[in-house]
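# A closer look at the structure
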Amino acid sequence: MEVRELYENLKKIQEPKGYYFNEDEDMTFPLLESLLTNKERLGYMACPCRLANGSFEADKDIICPCVYREADVEEYGACFCALYVSKEWNEGKIEKEVVPERRPPEKILF
Amino acid sequence: MSKDVKVYALSTCIHCKNAKRYLDECGVKYDCTFVDELEGDERRQTIEQIKEHNPAVSFPTIVIGDSVVVGFNKDKINKALED
């Protein structure tokens, strides 16, 4: 799949839910490219900014959109990797800060 | 002023890429490990090392001398380089 196709497909699904792509395309497009890289490497689109374990079961919580997105966007206006943000974040109404990791480290298996 | 700088990163992570580019722009020399490309014992040991600096094991984890900067934060990187 081409990155532009992924962008258009996800946009259609996510925007009505209130999740917008980061309008900084220098962030969004490399992140989408990385999602496709992970799909190729792992077979599923694990969060590009998290260390995947390599099995669907063990990484279920970080398959994009991850289970932490809702709480992160609610609290910080952006998800951990900053692919998905709120409208207010894109409009500059929320300070852009580093979103701390919410995934428990125990989820990283050796 | 020359501190040992170690970057623990993921090859797919945008914050890691941006942090590395910033360090490059600052002319800082650093050693980078892409943890997602490691396997077996090497991976296990590296995760243990990261845990000592950053218990959340998130990326990038940047170790600058005695300071640790978690995530890409220019101000914190600058401060750690200056301290």
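What counts as what
Throughout this document, residue positions are counted from 1 along each chain, in the order its sequence is written. Each chain gets a letter, beginning with A, and each ligand a number, beginning with 1, in the order they are written. Totals for whole chains, interfaces and linings use all residues, but because this is a predicted model, local features are given only for residues with pLDDT of at least 70 and pairs of side-chain atoms are given and counted only at 80 or more. Only hydrogens and water are removed before side-chain values are computed, so all heavy atoms of the structure are retained for them. The secondary structure listing takes helices from DSSP runs of H or I that are at least 4 residues long and strands from runs of E that are at least 2 residues long, numbered from the N terminus. Burial classification: accessible surface area is computed with a 1.4 Å probe over protein chains only, and a residue below 20% of its type maximum counts as buried, one above 50% as exposed, and the rest as partly exposed. Residue contacts follow a heavy-atom distance rule, with two residues in contact if any of their heavy atoms lie within 4.5 Å. Pairing between two strands requires that DSSP report at least two bridges joining them. Lines fitted to C-alpha atoms define the axes here, with helix axes fitted over just the stretch in contact, and angles between the N-to-C directions of these axes take values from 0 to 180 degrees. Nonpolar cores are built from buried Ala, Val, Leu, Ile, Met, Phe, Trp, Tyr and Cys residues. Side-chain atoms within 4.5 Å join them into one set. In the analysis that follows, any N or O atom pair within 3.5 Å is treated as a polar contact, provided that within protein one partner can donate a hydrogen and the other can accept it, and provided that, for residues neighboring in sequence, both atoms belong to side chains. When an angle is under 35 degrees it counts as roughly parallel; over 145 it counts as roughly antiparallel; between 65 and 115 it counts as roughly perpendicular; any other value is oblique. Throughout, the ten residues Ala, Val, Leu, Ile, Met, Phe, Trp, Tyr, Cys and Pro are labelled nonpolar, Asp, Glu, Lys and Arg are labelled charged, and all others, Gly among them, are labelled polar. Here the buried area means the combined drop in accessible surface, using a 1.4 Å probe, for two parts upon being joined, counting both sides. Whenever a carboxyl oxygen of Asp or Glu lies within 4 Å of a side-chain nitrogen of Lys or Arg, that contact is scored as a salt bridge.

### Some thoughts on unusual backbone geometry
Backbone geometry follows two general trends: most residues other than glycine have a negative phi, and most peptide bonds adopt the trans configuration. Here the bond from Cys 64 of chain A into Pro 65 of chain A is cis, since omega is 0°, no more than 30 degrees from zero. With respect to the element layout, Pro 65 of chain A can be found in the loop between α2 (25-42) and α3 (69-76). Positive phi values are uncommon outside glycine, yet Ala 82 of chain A reaches one of about 70°. Inspection of the secondary structure puts Ala 82 of chain A in the loop between α3 and β2 (84-85). What makes Ala 82 of chain A buried here is its relative accessible area of 7%. Backbone geometry places Val 57 of chain B, a non-glycine residue, at a positive phi of 50°.

### Structural notes on the environment of Ile 47 of chain B
With respect to the helices and strands, the residue Ile 47 of chain B is situated in helix α2 (residues 40-53). Relative accessible area serves as the criterion here: at 1%, Ile 47 of chain B is assigned to the buried category. Measuring from C-alpha to C-alpha, the distance between Ile 47 of chain B and Gly 65 of chain B comes to 19 Å, with 18 residues separating the pair along the chain. Leave out the neighbours within four places in its chain, and Ile 47 of chain B touches Leu 51, Ile 108 and Phe 110 of chain A together with Val 35 and Val 57 of chain B.

### Here's the deal with the sheet that holds strand β2 (residues 31-34) of chain B
All names here are of chain B. Pairing in this open sheet of four strands is mixed, and the strands run β2-β1-β3-β4 from one edge to the other. The outermost strands of the open sheet, each flanked by one partner alone, are β2 and β4 (67-70). Neighbour-to-neighbour, the strand axes of this sheet turn through a mean angle of 15°, independent of strand direction. Pairing of strand β1 (residues 5-9) with β2 involves four bridges; the strand directions are parallel. Bridged to Lys 6 within β2 is Asp 31. In the packing of helix α1 (residues 14-25) onto the sheet, the strands contacted are β1, β2 and β3 (61-64), and the crossing angle to β1 comes to about 160°. Together, β1, β2, β3 and β4 form the strand contacts of α2, whose direction differs from that of β1 by roughly 115°.

### As for the nonpolar core
Residues Leu 32 and Leu 83 of chain A together with Phe 59 of chain B are the most contacted members of the largest nonpolar core, which totals 56 residues. The set of elements that each furnish at least two residues to this core consists of α1 (3-14) and α2 of chain A together with β1, α1, α2, β3 and α3 (74-82) of chain B. Apart from residues no more than four positions distant in its own chain, Phe 59 of chain B is found in contact with Cys 49, Leu 51 and Phe 80 of chain A together with Tyr 8, Ala 9, Leu 10, Cys 13, Cys 16, Val 35 and Ile 50 of chain B. Ranked by size, the runner-up nonpolar core spans five residues in total, among them Tyr 76, Ala 78, Val 85 and Trp 89 of chain A.

### Observations regarding the side chain of Arg 103 of chain A
All names here are of chain A. Of note, Arg 103 is situated in the segment after α4 (87-90). Side chain to side chain, Arg 103 and Asp 61 meet in a polar contact 2.8 Å long. Each residue touching Arg 103, except ones within four places of it in the same chain, is listed here: Arg 50, Leu 51, Asn 53, Ala 58, Asp 59, Asp 61, Ile 62, Tyr 68 and Ile 108.

### Examining the packing of α1 of chain A against α2 of chain A
All names here are of chain A. One can describe the packing of α1 onto α2 by two numbers: an axis separation of 9 Å at closest approach and a directional angle of 105°. Considered as vectors, α1 and α2 are oriented roughly perpendicular to each other. Of α2, the residues touching α1 (which contributes Val 3, Arg 4, Leu 6, Tyr 7 and Leu 10) are Glu 25, Thr 28, Phe 29, Leu 32, Glu 33, Leu 35 and Leu 36. Its residues placed into classes, the contact of α1 with α2 shows eight nonpolar, one polar and three charged.

### Considering the interface of chain B and chain A
Opposite the 25 residues of chain B that make contact, chain A presents 23 residues. In total, about 1700 Å² of surface goes out of reach between chain B and chain A, with carbon and sulfur atoms giving 64% of it. The interface formed by chain B and chain A contains two salt bridges. For Arg 41 of chain A, the salt bridge goes to Glu 37 of chain B, with nearest N and O atoms at 3.8 Å. The interface formed by chain B and chain A holds eight residue pairs in polar contact (both at pLDDT 80 or more) in total. Those elements that place two or more of their residues in the side of chain B that touches chain A are α1 and α2 of chain B. Classifying every residue of the side of chain B that touches chain A gives eleven nonpolar, seven polar and seven charged.

Any link to function would need more than the numbers given here.
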